[in-house]
Amino acid sequence: MAVYVYAITARDHPCRLDGATGVGARAAPVRVLSTPQLRAVVSDIDEQIRPKRRDVTAHQEVQNRLMADGTALPLQFGYTAPDDDTVLQVLTEREAEYRTALDRVQGCAEYNVKAARDEESILRDVLADTPQARRLNDEIRAGSQDPRLPLELGRLVADEVQVRRADAAARLVQELAPLAREHSVHQPVGETDFLNLSLLVAREDEEALRTAHARLSRDDGSGVELRLTGPLPPYSFVP
């Protein structure tokens, strides 16, 4: 029977998973496969898994229980293997790689920071700070029929918005990255987001990160919204 693989841990991880059930319609018990150095957390599966809410929740619950007791390498949702022997063979063959990866995230959790700023507040700043944009906007509002003016203003504003978002993102990364062991910048996903930052944070530095987030989130009139999520399994830092 095929097995669904949730995570890999060191052999000394307690893997306290009593009563946990896994993904799939049958929701088989979660169990552990061990080699002398490593463990794989798995459950039996007899169907093709798709990211349904129930299964994604079950996957994440296993990660949360493992993370509560120590360090684990979380696998992305949907990883399966043909059988137990295949999993054990991979653990043995890639032991050095997995142990290095475990050392990399030892004692850490992932935090994600997303930053957004609404277009209206950026536009106000562009018009206030950029004489050329202000002049074009004033001419359009005064009734100019020149069809080139809206196009020129649109290009100017779009360029300014891009520059300002990039500068704001760089400042936030500069502030937050020193609080993490590693960081990774991803493509923003929301329409108004300009930063999607993953931080690998040691447990002893989590409070410092929360303090920095609270400080940077204070309303300074900039219209920037910071969203901090975590602690999370360190998906972004697992090869």
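Residues numbered from 1 in each chain as written. Predicted model: local features only at pLDDT ≥ 70, side-chain atom pairs only at ≥ 80, totals over all residues. Heavy atoms only, no water.

### Section: the overall build of the protein chain
Working step 1: When you go through the protein chain residue by residue, the secondary structure sums to 7 helices and 9 strands.
Working step 2: Residues counted as buried form 39% of the 239 residues belonging to the protein chain.
Working step 3: About 13300 Å² of surface is accessible on the protein chain, with carbon and sulfur atoms providing 49% of the total. (Helix = DSSP H or I, 4+ residues; strand = E, 2+ residues; numbered from the N terminus. Buried < 20%, exposed > 50% of the residue type's maximum accessible area, 1.4 Å probe, protein only. Areas by Shrake-Rupley, 256 points an atom, 1.4 Å probe, with all protein chains shown as cover.)

### Quick word on the pairing of strand β7 (residues 182-186)
Working step 1: Of the strand pairs in this sheet, β7 and strand β8 (residues 193-202) are connected by 5 bridges, and their pairing is antiparallel. Across the sheet, the residue bridging to Glu182 is Leu200, located in β8.
Working step 2: Counting the residues in the hairpin turn of β7 and β8 gives 6 residues. (Pairing = 2+ DSSP bridges.)

### Observations regarding the packing of aromatic side chains
Working step 1: A full pass over the atoms with the stated rule returns 2 aromatic pairs.
Working step 2: By the ring-pair criterion, three or more aromatic residues cluster together here, those being Tyr4, Tyr6 and Phe77. (Phe/Tyr/Trp six-rings, centres within 6.5 Å; stacked < 30°, edge-to-face > 60°.)

### Quick notes on unusual backbone geometry
Working step 1: A cis amide bond, omega 5 degrees, links Gly230 with the succeeding residue Pro231.
Working step 2: On the secondary structure map, Pro231 appears in strand β9 (residues 224-232).
Working step 3: In this structure, Cys15 is a non-glycine residue whose phi angle is positive, near 45 degrees.
Working step 4: Inspection of the secondary structure puts Cys15 in the loop between β1 (2-10) and β2 (31-34).
Working step 5: By relative accessible area, Cys15 is classed as buried at 9%.
Working step 6: Despite not being glycine, Ala27 has its phi angle at roughly 50 degrees, a positive value.
Working step 7: For Ala27, the location among the structural elements is in the loop between β1 and β2.

### Here we look at the layout of surface pockets
Working step 1: Roughly 300 Å³ of internal volume is contained in the second largest pocket.
Working step 2: Lining the second largest pocket are 20 residues, with Ile8, Leu75, Tyr79, Arg94 and Tyr98 positioned closest to its centre.
Working step 3: When residues of the lining of the second largest pocket are traced back to their parent elements, those giving at least two are β1, β4 (72-74), α2 (84-93) and α3 (95-105).
Working step 4: The greatest single-element share of the lining of the second largest pocket, amounting to 4 residues, is contributed by α2. (1 Å grid on protein atoms, 1.4 Å probe; cavity = no way out; pocket = protein on both sides within 12 Å on 5 of 7 lines; lining within 4 Å. Points joined across faces, edges and corners; volume = space filled by probe spheres on them.)

### Here we look at empty space enclosed by the protein
Working step 1: Summed over all chains, the structure comprises 1 cavity of 30 Å³ or more.
Working step 2: In this model, the largest cavity occupies a volume close to 90 Å³.
Working step 3: Along its surface, the largest cavity is lined by Gln63, Leu66, Met67, Gly70, Thr71, Ala72, Leu73, Pro74, Val105, Cys108, Pro233 and Pro234.
Working step 4: Elements supplying a minimum of two residues to the lining of the largest cavity: α1 (53-69) and β4.
Working step 5: Across the lining of the largest cavity, the residue classes tally to 9 nonpolar, 3 polar and no charged. (Nonpolar A, V, L, I, M, F, W, Y, C, P; charged D, E, K, R; others polar.)

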